[in-house]
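Fold and contact review
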Amino acid sequence: MTLTTPPHYSVFIYGGSGSGKTTSIGVYAEWLIDTFGLRTRLYNTDGGGYDSIQNLIDVGVIELVECYRRPRAWVWLDAISRGKVLAADGKTWVLDEARNALFGCFAVDGLTGAGEALMSGMRDVNDSSVGGGQGMIVAQGDYRFGTNTIPHFGLAQGALMDAIGNTQRLPGVSIWTAMESRGSEDSTKAALVGPRGPGKAMTDDLPRNVTYTFRIVNHVELNRTVHRLYWDDFADPSAPGAKCLGNSRLPLGADVTQNYVEPANIAEAIKIFDEAKAKDKAAKQERWGKVVAALPPLPPL
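Residues numbered from 1 in each chain as written. Predicted model: local features only at pLDDT ≥ 70, side-chain atom pairs only at ≥ 80, totals over all residues. Heavy atoms only, no water.

Another aspect to go through is helix 7 (residues 266-293). Between the first and last C-alpha of helix 7 there are 38 Å, a value that for 28 residues agrees with the 40 Å anticipated at 1.5 Å per step. Along helix 7, the sharpest kink reaches roughly 40°, centred on Arg 287. Every buried residue of helix 7 is accounted for by Ile 266, Ala 267, Ala 269, Ile 270, Phe 273, Ala 276, Asp 280 and Gly 289. Among the residues of helix 7, the N-terminal cap falls to Asn 265, whose side-chain oxygen and the backbone nitrogen of Ala 267 are separated by 3.1 Å. (Helix = DSSP H or I, 4+ residues; strand = E, 2+ residues; numbered from the N terminus. Expected span 1.5 Å × (residues − 1). Bend = angle between axes of the 7 residues up to and from the residue. Buried < 20%, exposed > 50% of the residue type's maximum accessible area, 1.4 Å probe, protein only. Polar contact = N/O pair within 3.5 Å; in protein donor to acceptor, adjacent residues only side chain to side chain.)

Another point: the nonpolar core. Residues Phe 12, Trp 76, Leu 77, Ile 80, Leu 111 and Trp 176 are the most contacted members of the largest nonpolar core, which totals 37 residues. When residues of this core are traced back to their parent elements, those giving at least two are strand 1 (10-15), helix 3 (73-81), helix 5 (111-122), helix 6 (150-167), strand 9 (173-184) and strand 10 (191-195). Counting residues in hydrophobic clusters, the runner-up holds 32 residues, among them Ile 13, Leu 42, Ile 175 and Trp 231. (Core = buried A, V, L, I, M, F, W, Y, C linked by side-chain atoms within 4.5 Å.)

Another aspect to go through is the state of the cysteines. Tallied over the full model, the rule gives zero disulfides. Between Cys 67, a cysteine without a disulfide, and Cys 105, which holds the nearest cysteine sulfur, the sulfur-to-sulfur distance is 15 Å. Residue Cys 67 is classed as buried on the basis of its relative accessible area, which comes to 0%. (Disulfide = S-S within 2.5 Å.)

The next subject is a nonpolar patch on the surface. Together, Trp 288, Val 291, Val 292 and Leu 295 make up an exposed nonpolar region whose accessible area comes to about 390 Å². Summarising the element assignment, Trp 288 is placed in helix 7. A residue is classified by how much of its surface remains accessible, and Trp 288, at 42% relative accessible area, is partly exposed. (Patch = residues over 30% accessible without salt bridge, like charges linked within 9 Å, V, L, I, M, F, W, Y side chains within 5 Å. Areas by Shrake-Rupley, 256 points an atom, 1.4 Å probe, with all protein chains shown as cover. Salt bridge = Lys/Arg side-chain N within 4 Å of Asp/Glu carboxyl O.)

What follows deals with the packing of helix 3 against helix 6. Interaxial distance between helix 3 and helix 6 falls to 8 Å at its minimum, and their mutual angle equals 20°. When the axis of helix 3 is compared with that of helix 6, the two are roughly parallel. Once helix 3 is placed against helix 6, the crossing between them reads as right-handed. Contacts between helix 3 and helix 6 involve Trp 74, Leu 77, Asp 78 and Ser 81 from the first element and Leu 155, Ala 156, Ala 159, Leu 160, Ala 163, Asn 166 and Thr 167 from the second. (Axes fitted to C-alpha atoms, helices over the stretch in contact; angles between N-to-C directions. Parallel < 35°, antiparallel > 145°, perpendicular 65-115°, else oblique. Left-handed = near helix turned anticlockwise from the far one by under 90°. Contact = heavy atoms within 4.5 Å.)

So this is what it looks like as structure tokens:
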């Protein structure tokens, strides 16, 4: 299948520390610029760094916007979700839609760090105007530390959901990474592994808000290191007893022989999806095309 139009979809990729989330953004950025001549913008919100893709940043394939440890998380989260960048003064967020058109991917690395920044801001003992104040406050000498309250979690979750929705309106692919977290399904209370946000209630809910959800793993299996990108819900030996969340949006009965791609590669996984969907579309047309054509036409609305 040959692609002629730059893609537009949203992706969640989650996994443990060192599993290759940031590296996967770099692999995708290389595919994107090679295929469509479009750059990737990376908004970094985590402290783990981006050494694995530093060379791509240096050469200009990826544009880095650093948000980690930046104050006023509510401001910068809204700004980056709308595709804004910092002006030359390093303080003002500006939107340049003509410049954004030169990018085919807007990646936020990642949701976990952004959520932690929001929660930290709401427990700031020096600013009770955000989040309605703190829970307990520890004070010793010049040191003061406040704890979060239950409403803080809902506020942070709502802000992140809004940001995810905003990035999907940008001109290209949106990718969010997250650390993995264990939670439980609301209905069955069964253990599951999914993206980590502020509060376990968010883990089960996140995949429905994007087009594709992947879990990335990098571990030793049968005496060899595997680096896989899984899609659809599955039972992973590295997380015994838990269902790992995924979502490929494949049609029921799609002809896909496995639920992962190795080595991990977002573009390759979505290529598999597109080919399976095209094959299923042809089969549906053959099966139902003449049947529908023989039906009375629907009247105009």
